[in-house]
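Structural overview for review
Spelled out from the first residue to the last, the chains are:
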Amino acid sequence: MDLTAFLVAIFFSACLQAVDGLLVPANKFIDLALPSYDYIVVGGGVSGLVIANRLTENKNVTVLVLEAGDLDSGPDLVTIPGLVGHGFIPSQNWNITTAPQESLDNRTRDYGQGHVVGGGSILNGLVMTRGARYDYDAWRTLGNPGWSWHGMLRYFKKSENFTACVAPEDSQNLHIRPHMKVHGQKGPLQVGYPRFFYNSSRNFLEGISELGIPLLPDINTGIAAGASVAPATINDRNQSRADSRRAYLDSVLSRPNLHLATQQTVTRVLFGTEAVDEDSERPAKGLKRAFGVEFATSFDSPRKRMACNREVILAAGAIISPSLLQVSGIGPASILDELGVPVQIDLPGVGQNLQDHAMVGAFYNYTRFGMFTANNLTGSILEEVESQYFANRTGPLTHPLISTLAFASLRHLDTNWETLLSNIPSSEPESHLPPGPGQHPTILEGYARQQHLLTSLLARSSVGALEVMADSIGTLTAAVQHPLSRGFVRALSADLLANGSVARNILLDPRYCSHPFDCDIIVRGLKLNNQLVKTKAMQQLVPQPAYPWDDLTSQNDTALLEAVHSKLQTEFHPAGSTSMMPLEFGGVVSPRLMVYGTSNLRVIDAGIIPLLPAAHIQAAVYAIAEKAADIIKQDSSTMSGSDPNDGDVTPPPNPFTNGPPGLGPGIAEGPGISGRVNDDHGRPYHC
């Protein structure tokens, strides 16, 4: 390293020592950066920060993370669990809007995505669920050796620092008994439980149990069909949000080989004319090699370039990453031609196979006299709980919007579930996929195989078909977990910064309920809600259903379906748009997460998920990134790493040797907040 480069590295290292001094001004970055980096990571969200952290464990490896957003300042709206669900900070949101949903009501949907260092982990609802072991075994079946449940379990554990710190009475009443062998306790990400639970959580679990749905002491063992209090990404010590920035970035800011540039939007991946075979260091005929990226702070600002010595890694999420591939010349040739972008690689699957968890929230207002819910957090009561939270990190503000939920199998939703499933494989793939690139033979073949796999998954009693999420005020949200609908993402301009907004230059069309099975499942979920609120346990809350959920027994399925079409929203779990599948199935990346046709361009984010698990996907994304880091290290001749496929044959633990125990009787609540804030739920306790 020459003297100038050395001084630049020293300066940058000094800037990285403290959060407040993390960044140099955006317009000065190119003057202060290194001439090139070994790895350029596009996106400073969950997967990008995991990768940057793990690769820079080797002090001889340099990594640059380019993030379009900025650092968050840690406002209460972000950090306090009890304020989750009160909206997004506009500057931290890409503010994307879907295309009009033709299979619903022809209206658009707002689609929040993280535009901030930390990405979606700054915006999400904190829920940490993994899904069923069979969800991941399906990934392997789709042509991805090493990506089964057992191949992922070690990375679920590696990412988390799990704390089973729950008051004894909560553990008993809410059936919280984590199976510690499937949890990590040395990872960067804090995962645990709040120090306060609303009494309605117990009623919900009691009611679910009355319906015959099992109660799970730990929802993350690989057996996921049942009800549970889900762990959350909460720092147990201070009961605040645990996100990827604080877990994977803040702790390594002193590394001089890790540089982060914010307010930098990558506009293109740059390719050379020949690739290099990494084993022989000789040209690999036919493969494209990325030599760097182009980026800018705005449409009007100068475009800058940065060179990479080894790899470019796209970690911008399932919406931005495929769009960036397309404007870089990788994607369906027909789309690239429309954009006027020279075709580097005709790859039909880029932007296809988009999946999401669609949901409908139904409101059953809990009207029991004196009942304490999140709606009570106003005026003097809010002042009281704020004082309690900031004084000793206890009380209602430690509780996120959602902690109690149930994943119902198809058998729980319909006694005629076999008949319902029998119709899936017989449906023609082309009738459920978008026109144009979505009709490519490889896309059709991949979707047909997914249909057969989903039929097998949904037949299992341990796999969730529907999620029901319960808040404290009476909202019961039903979300389809294994959707058959497939959407797409495509760039609308060769310049993602045109018109001053990336969101305006991307067409996002989830095509909700383009396969009618998905909305059919949600209708069944709403009927399940109706049964739930009539159980003995839930009747204690005196629920009053709001329109149009007030008389489901007299409504036919057609009327319910119309209500679903107008109320349906997203769970914000986009995936699949750069799928990890074989080329002949419409795949975009290999099991090594390398983009087909390239030698050094990988995608590492939710876009690579070939089939959505029945879960909130942040746990999967953390694990994917951890596994990807080991893959990269293994593929590099100068870095050591664990075998990413090691442990792929370990049998899963069975926490139900004697069957899942039930809950005790329901509980009654007294008036006001007394007895909830100031009892053991509100006092500090030790594990």
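You'll find the protein entered in an unreviewed UniProt entry as Glucose-methanol-choline oxidoreductase N-terminal domain-containing protein, with Podospora pseudoanserina given as the organism. Regarding the protein, the relevant UniProt record gives this comment under Sequence similarities (unreviewed entry): "Belongs to the GMC oxidoreductase family."

Okay, the overall build of the protein next. Scanning the protein for helices and strands turns up 20 helices and 26 strands. Residues classed as buried in the protein amount to 63% of the 687 residues present. Partitioning the intrachain contacts of the protein with sequence separation of at least 6 by distance along the chain shows that 76% fall at a separation of at least 24.

Our next topic: the nonpolar core. Judged by nonpolar contacts, the single largest core of 175 residues is most densely connected at I51, F204 and L568. When residues in this core are grouped by element, the largest group, 11 residues, is from helix α20 (residues 618–635). Discounting chain neighbours no more than four positions away, the residues touching L568 are L104, R109, A358, M359, V360, Y512, C513, C519 and I522. Core analysis: the next-biggest nonpolar cluster, separate from the first, contains nine residues, V127, I402, F407 and A614 among them.

Let us look at the environment of T262. Looking at the secondary structure, you find T262 in the loop between β10 (258–261) and β11 (265–271). A residue is classified by how much of its surface remains accessible, and T262, at 5% relative accessible area, is buried. For the pair T262 and T297, spaced 35 residues apart in the sequence, the C-alpha separation amounts to 8.8 Å.

How two helices sit against one another is set out by the angle between their axes and by the gap between those axes. In contact at an axis separation of 9 Å, helix α3 (residues 46–55) and α20 are set at 35° when each is read in the N-to-C sense. In this structure, α3 meets α20 at a crossing whose hand is right-handed. Contacts between α3 and α20 pair V46, S47, V50, I51, R54 and L55 from the former with V621, Y622, A625, E626, A628, A629, I632 and K633 from the latter. For the contact of α3 with α20, the residue count by class is 10 nonpolar, one polar and three charged.

A few words on helix α6 (residues 133–141). Every buried residue belonging to α6 is among D135, Y136, D137, A138 and W139, and all of these are buried. Contact partners of the buried residues in α6: α7 (149–159), α16 (441–458) and α20. Following α6 by one or two positions, G143 adopts a phi angle in the positive range, close to 100°.

This part is about unusual backbone geometry. Along the chain, Y547 connects to P548 via a cis peptide bond; the corresponding omega equals 5°. Mapped onto the elements of the fold, P548 is located in the loop between β24 (543–545) and α19 (557–567). Even without being a glycine, L126 presents a positive backbone phi close to 80°. Take L126: it is sitting in the loop between α5 (120–123) and α6. Even without being glycine, H175 reaches a positive phi, approximately 65°.

Take the UniProt feature "domain: Glucose-methanol-choline oxidoreductase N-terminal" (unreviewed entry) in the protein next. When the UniProt feature table is mapped onto this chain numbering, "domain: Glucose-methanol-choline oxidoreductase N-terminal" (unreviewed entry) sits at residues 317–331. Each end of residues 317–331 is marked by a C-alpha atom, and these two atoms are 16 Å apart; helix forms 73% of the span and strand 13%.

Right, let's get into the side chain of T398. As for its position among the elements, T398 is in the loop between α13 (379–392) and β19 (404–408). Look at T398 and you get buried, because its relative accessible area is 0%. A polar atom in the side chain of T398 sits 3.3 Å from the backbone nitrogen of R195. Here F196 takes part through its backbone nitrogen, which lies 3.4 Å from a polar atom of the side chain of T398. Filtering out sequence-adjacent residues up to four positions away, T398 remains in contact with P81, P194, R195, F196, I234, Q239, Y389 and R393.

What follows is about the pairing of β19. Of all five residues in β19, five are buried; the element is thus mostly enclosed. Note that strand β7 (residues 226–229) and β19 share four bridges and pair antiparallel. If you follow G226 over to β19, its bridge partner there is F407. Strand direction decides the pairing type here: β19 and strand β20 (residues 466–470), joined by five bridges, are antiparallel. Within β20, the residue paired with A408 across the bridge is L466.

Scanning all chains against the criterion turns up 23 salt bridges. Note that D105 is salt-bridged to R107, the shortest N-O span being 2.8 Å. The salt bridge partner of D630 is K158, with a shortest N-O separation of 3.8 Å. In this pair, D630 is assigned in helix α20 and K158 in helix α7, connecting sequence segments 472 residues apart. A relative accessible area of 28% means that K158 is categorised as partly exposed.

With that settled, the discussion passes to empty space enclosed by the protein. Enumeration over the complete set of coordinates arrives at five cavities of 30 Å³ or more. When its volume is computed, the largest cavity comes out at roughly 70 Å³. Considering the residues around the largest cavity, the lining is formed by Y198, S200, S201, F204, Y366, H399, S403, T404, A470, D471, S472 and M538. By residue number, the principal contributor to the lining of the largest cavity is helix α9 (residues 200–210), which donates three residues. Looking at the lining of the largest cavity, its residues break down into five nonpolar, six polar and one charged.

Rules used in this analysis
Residues numbered from 1 in each chain as written. Predicted model: local features only at pLDDT ≥ 70, side-chain atom pairs only at ≥ 80, totals over all residues. Heavy atoms only, no water. UniProt positions renumbered as here; feature names shortened; annotations may be inferred. Helix = DSSP H or I, 4+ residues; strand = E, 2+ residues; numbered from the N terminus. Buried < 20%, exposed > 50% of the residue type's maximum accessible area, 1.4 Å probe, protein only. Contact = heavy atoms within 4.5 Å. Core = buried A, V, L, I, M, F, W, Y, C linked by side-chain atoms within 4.5 Å. Axes fitted to C-alpha atoms, helices over the stretch in contact; angles between N-to-C directions. Left-handed = near helix turned anticlockwise from the far one by under 90°. Nonpolar A, V, L, I, M, F, W, Y, C, P; charged D, E, K, R; others polar. Polar contact = N/O pair within 3.5 Å; in protein donor to acceptor, adjacent residues only side chain to side chain. Pairing = 2+ DSSP bridges. Salt bridge = Lys/Arg side-chain N within 4 Å of Asp/Glu carboxyl O. 1 Å grid on protein atoms, 1.4 Å probe; cavity = no way out; pocket = protein on both sides within 12 Å on 5 of 7 lines; lining within 4 Å. Points joined across faces, edges and corners; volume = space filled by probe spheres on them.

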